Every structure is written in C-alpha cells, then in structure tokens.
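Observations on the three-dimensional arrangement
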Amino acid sequence: MDNNKTDIYNLTSDVSFISFWATWCLPCLKEIDKLNEFIDEYDNVSVILINEDKPGDKAKVKSFVRSRNYPVDNNYHIIFDFDKNLSRKFSAQPIPLTLILKDNKVVYRKRGFYMGDEVELKLELDKALSD
C-alpha cells in the first residue's frame, strides 16, 4: 500500500486470489471479511485486493485497512488502481469482481458476493491448488 508502481504479476503465486473492491462497497467488505476468516489456511495462495476508491481517498483507504486489521504481508497485498488500468483490463466494473488465477491464467471469475459464497470460493481455491 505504498506509492510504488508494481506489475500485478510480480505479486502473484502459483494460485492467486484477486478481488476488486472499495471501502464503500458492502458486498466487497463482506467478501473480504469472509476471506480473512479462512485465508490463513492457504499459505501458498497470494491475495491481491485491488482498491477502486478515488485517488484522493488513499489515506482513508490506508486507515480503513489498518482499522479492519487486514493481514497485509508478503502474500496479502492491497494495491490501488487509481488510473483504472487493471479495472479495464479485467472488465472489473461493477465490483466486487473476484478472480482466482492459476499460473497467471484466470480459472474462476465471479461478480458480486452474497453470504455463503465463501464456501464456493474455498472450493475453487482447493480445486486450483489440486489441479
């Protein structure tokens, strides 16, 4: 969550969980909360949360992430997409958009989040890891 530009593929691992989200998007936040309940079971999955808030909201987003105790580390990343390049590349609007990548190829794509969808997310992660 710094000002450095990075290639998203430098953050991925063999299996990656990517979600386009914003602080104002309630389904996004529910998905991230559910993800954070189980993601520590997957030490070999890279998590990349791509924030879609406005550029002027960067300090607010950083404060929000800290207040929610998101486990940002070497495998859990939050990046900003202020220029919307990633959003356009992945046709991410409307959010949330969730992707699971295996070897940098999309193997699962889902738009929206409803309580209970976390079961499907876990199944898709397990499937990507076992293939």
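Treat the numbers as computed from the prediction; the structure is a model and nothing was measured.

Analysis parameters
- Residues numbered from 1 in each chain as written.
- Predicted model: local features only at pLDDT ≥ 70, side-chain atom pairs only at ≥ 80, totals over all residues.
- Heavy atoms only, no water.
- Buried < 20%, exposed > 50% of the residue type's maximum accessible area, 1.4 Å probe, protein only.
- Helix = DSSP H or I, 4+ residues; strand = E, 2+ residues; numbered from the N terminus.
- Pairing = 2+ DSSP bridges.
- Right-handed = clockwise from strand over helix to strand, strands pointing away.
- Salt bridge = Lys/Arg side-chain N within 4 Å of Asp/Glu carboxyl O.
- Axes fitted to C-alpha atoms, helices over the stretch in contact; angles between N-to-C directions.
- Contact = heavy atoms within 4.5 Å.

Description of the pairing of strand S1 (residues 15-21)
When you tally the buried positions in S1, you get seven out of seven residues, the bulk of the element. Alternating positions in S1 separate into two faces, Val 15, Phe 17, Ser 19 and Trp 21 on one and Ser 16, Ile 18 and Phe 20 on the other, with burial throughout. Two elements, S1 and strand S2 (residues 45-51), share seven bridges in a ladder whose sense is parallel. Of the residues in S2, the one forming a bridge with Val 15 is Val 45. Remark: the S1/helix H1 (residues 26-38)/S2 crossover connection has right-handed handedness.

Comments concerning the pattern of salt bridges
Throughout the structure, instances matching the rule amount to seven salt bridges. Here Arg 68 and Asp 33 are joined by a salt bridge, their closest N and O atoms 2.8 Å apart. Of this pair, Arg 68 sits in the loop between helix H2 (58-67) and strand S3 (76-80) while Asp 33 is found in helix H1, placing the two residues 35 residues apart along the sequence. Under the relative-accessibility criterion, Arg 68 is labelled partly exposed at 31%. Its relative accessible area of 33% is what places Asp 33 among the partly exposed residues. Where Asp 53 meets Lys 60, a salt bridge forms, and the shortest distance between an N and an O atom there is 4.0 Å.

Some points on the sheet that holds S1
The mixed open sheet is built from five strands, whose spatial order is S3-S2-S1-S4-S5. A strand with exactly one partner marks an edge of an open sheet, and here the two such strands are S3 and strand S5 (105-111). Adjacent strand axes in the sheet meet at a mean angle of 20°, parallel and antiparallel pairs treated alike. Sheet contacts for H1: S1, S2, S3 and strand S4 (97-102); angle to S1, the most-contacted strand, approximately 150°. Sitting on the sheet, helix H4 (residues 117-130) is in contact with S1, S2, S4 and S5, with an inclination near 15° to S4.

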